[in-house]
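Spelled out from the first residue to the last, the chains are:
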Amino acid sequence: MNAATHTALHDFMQKIEKRNPNEPEFQQAVAEVATSVLPYIQDKPLYREARILERMTEPDRVIMFRVVWEDDDGNVQINRGYRVQNNNAIGPYKGGLRFHPSVNLSVLKFLAFEQTFKNSLTGLPMGGGKGGADFNPKGRSNNEVMRFCQAYMTELERHIGEGTDVPAGDIGVGAREIGYLFGQHKRLSNQFTGVLTGKGLEYGGSLVRTEATGYGAVYFLEDMLKHRGKDIEGCVATISGSGNVALYAAEKVAQLGGKAVTLSDSSGFIHDPEGIAGDKLAWVKALKEQRRGRISEYAEEFGVEFFPGERPWKIPCDVALPCATQNELSGSDAQTLVDNGCMAVSEGANMPTDQEGLDIFVSNHIMFAPSKAANAGGVAVSGLEMSQNSVGISWEEDELDRRLRTIMRGIHEQCVEYGSGDNGYVNYLKGANIAGFNKVANAMLAYGVM
Ligand code: NDP
Ligand code: 2IT
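Novice: Summarise the nonpolar core; cite the residues concerned and give the values.
Specialist: In a soluble, globular protein the nonpolar side chains are often hidden away together inside. By size, the foremost hydrophobic cluster in this structure holds 60 residues, and its most contacted members are Phe220, Ile239, Leu263, Leu321 and Ile411. Counting 37 residues, the second-largest nonpolar core is a separate cluster that includes Phe26, Val33, Ala112 and Val440.

Novice: Talk me through unusual backbone geometry; I want residue IDs and the actual numbers.
Specialist: Backbone geometry at Arg292 places phi at a positive 55°, although glycine is not the residue there. Tracing the chain through its elements places Arg292 in the loop between helix 10 (278-291) and helix 11 (296-302). Positive phi, close to 55°, is recorded for His365, a residue that is not glycine. Mapping His365 onto the fold places it in the loop between helix 13 (355-363) and strand 13 (367-369).

Novice: Now, about the packing of helix 9 (residues 244-255) against helix 10: what can you tell me, with residues and values included?
Specialist: Where helix 9 meets helix 10, the axes come as close as 11 Å, and the angle between the chain directions of the two elements is 170°. In terms of their interaxial angle, helix 9 and helix 10 are classed as roughly antiparallel. Across from Leu247, Tyr248, Ala250 and Glu251 in helix 9, the residues of helix 10 making contact are Leu281, Val284, Lys285, Lys288 and Glu289. A class-by-class count of the residues in the contact of helix 9 with helix 10 yields five nonpolar, no polar and four charged.

Novice: So what's going on with a nonpolar patch on the surface? Residues and values would help.
Specialist: Taken together, the side chains of Val68, Val76 and Ile78 make up a nonpolar region of the molecular surface, amounting to roughly 280 Å² of accessible area. Its location among the elements puts Ile78 in strand 2 (residues 76-87). Of the residues examined, Ile78 reaches a relative accessible area of 59% and is grouped as exposed.

Novice: Help me get a handle on the pattern of salt bridges, residues and values and all.
Specialist: One pass over the structure, following the stated rule, counts 24 salt bridges. A salt bridge links Asp43 to Lys44; its shortest N-O distance comes to 3.3 Å. Residue classification places Asp43 among the exposed positions, given a relative accessible area of 59%. According to the relative accessible area criterion, Lys44 is partly exposed, its value standing at 25%. Lys199 is the partner of Glu385 in a salt bridge, and the nearest nitrogen-oxygen pair spans 2.8 Å. Of this pair, Glu385 sits in helix 15 (residues 376-391) while Lys199 is found in the loop between helix 7 (175-189) and helix 8 (209-227), placing the two residues 186 residues apart along the sequence. With respect to class, Glu385 is no different from Lys199; both count as buried. If you follow the salt bridges from partner to partner, you end up with Arg98, Lys130 and Asp170 in one network.

Novice: Give me the site of ligand 2: which residues, what numbers.
Specialist: Lining the immediate surroundings of ligand 2 are 14 residues, of which Lys94, Lys118, Lys130, Asp170 and Ser382 lie closest. A distance of 2.6 Å separates an oxygen atom of ligand 2 from a polar side-chain atom of Lys94. One of the backbone N or O atoms of Gly169 is found 3.1 Å from a nitrogen atom in ligand 2. Burial of ligand 2 by the protein chains amounts to 94% of its free accessible area of 300 Å². Across the shell around ligand 2, the residue classes tally to two nonpolar, seven polar and five charged.

Novice: Which residues make up the environment of Ala277, and what are the values?
Specialist: Within the secondary structure, Ala277 sits in the loop between strand 9 (268-271) and helix 10. Remark: the alpha-carbon pair of Ala277 and Leu329, spanning 52 residues in sequence, is separated by 24 Å.

Novice: Any details on the sheet that holds strand 2? Residues and values, ideally.
Specialist: Spatially, the five strands line up as an open sheet ordered 1-2-4-3-5, and their pairing is mixed. The open sheet has two edge strands with one neighbour each: strand 1 (61-70) and strand 5 (165-168). Between one strand axis and the next, the sheet turns through 20° on average, direction left out of account. Pairing of strand 1 with strand 2, which is carried by ten bridges, proceeds in the antiparallel orientation.

Thresholds, definitions, all that
- Residues numbered from 1 in each chain as written.
- Chains lettered and ligands numbered in written order.
- Predicted model: local features only at pLDDT ≥ 70, side-chain atom pairs only at ≥ 80, totals over all residues.
- Heavy atoms only, no water.
- Core = buried A, V, L, I, M, F, W, Y, C linked by side-chain atoms within 4.5 Å.
- Buried < 20%, exposed > 50% of the residue type's maximum accessible area, 1.4 Å probe, protein only.
- Helix = DSSP H or I, 4+ residues; strand = E, 2+ residues; numbered from the N terminus.
- Axes fitted to C-alpha atoms, helices over the stretch in contact; angles between N-to-C directions.
- Parallel < 35°, antiparallel > 145°, perpendicular 65-115°, else oblique.
- Contact = heavy atoms within 4.5 Å.
- Nonpolar A, V, L, I, M, F, W, Y, C, P; charged D, E, K, R; others polar.
- Patch = residues over 30% accessible without salt bridge, like charges linked within 9 Å, V, L, I, M, F, W, Y side chains within 5 Å.
- Areas by Shrake-Rupley, 256 points an atom, 1.4 Å probe, with all protein chains shown as cover.
- Salt bridge = Lys/Arg side-chain N within 4 Å of Asp/Glu carboxyl O.
- Near = heavy atom within 4 Å.
- Polar contact = N/O pair within 3.5 Å; in protein donor to acceptor, adjacent residues only side chain to side chain.
- Pairing = 2+ DSSP bridges.

Here's what the structure looks like:
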């Protein structure tokens, strides 16, 4: 980076910090993108004079609302609901809903911003958005979750639509919540449309959507390894999380001949040196998807070690897949992975690696797949669900998996095109940021000043 670009980046980030105080996650996500995109547009006055990057960092719209519902004891509960509609230059706003007590404006603005670049990389016509609430579904009965979802959708309904904004799941929003949300939308609007994705197969859902994010992150890993003449077969993989993304990442690792040895939740992680696959993986799926239990129960069931309050990055591995949440892999975790000989990292979660961790991976020439590229498989199959809904058809599983595989390969190719350095190292973060930026930027230029 030359001195002029360095100054431009410094000035740009100062303005972002001033305009968005107390939003550390949003500032972090913008800094990651600006570090790649500002040098790229230094000699492209069209983008600079139209102030495209500045416009992209200001959401089109932020909706915040009160969600009031009654718990099982008849107490009135109040939560805060959100939808951040970041950018619809290339298609309707599209992105998940997160229900977690840590949800706030900073977290949702970062997620909506990232989503804009991710959706662009898929090649499908989807803009970027994200929403959710500071509601904690953990420990709540099904009826409480239903009443919360109905109250949340009662406000959200007027802001979304199949050509306007199409939400889906994220942390704390899975098949059960999507069912309640879709049902309430249908009741209020008196219309059966593809306004949400991740729906049940009986009411407009798509095959492979459940598996898509985890499978996609491993497909991307496979392409990175192949690019360096390597293979997943025989690789030991550490995985964090034990939700939707983590479990299907573990499944695909096993299918491709690797061995996933860890899973985690917010209480700690388990280490199973023999590998989490087959009957053991089926057991965890039932634990998490049906019984909503804790990962520590795996240790009791299968007699392996549980590490309370810890993350799995100290376990030696060939590849690592952080699949839980943002900033779950620090600089010192990254250094431990490098020291233990880890050769590749594929981010199933959104922004799981902090800034220091990124610098360590890149300076050590680790194959590093940033979330906006690696976990785009989920939203890609959501896009395919939208296409199927709009023409009233359902593709077969093989067809959807083939399309997912092709989309992930396409994202890998774009990253290689824009991220390859003279030394042969592919900086996938840079590649994903620039390729994602280009399509949205060109659409924004076409619309003129708005
Ligand atoms: P789930 O709710 O299914 O699972 C989340 C997992 O992460 C759980 O094991 C949870 O543990 C753990 N977790 C969540 N928050 C924290 C935290 N603050 N600290 C420690 N552990 C935590 O969510 P998903 O699997 O759907 O999402 C995981 C990640 O993947 C998120 O970053 C999400 O944004 C991203 N993602 C999801 C996509 C999807 O299609 N679902 C698509 C693309 C990205 P516990 O149960 O104890 O809270
Ligand atoms: O972060 C993400 O890409 C998601 N949570 C999935 C979004 C979607 O619309 O399927």
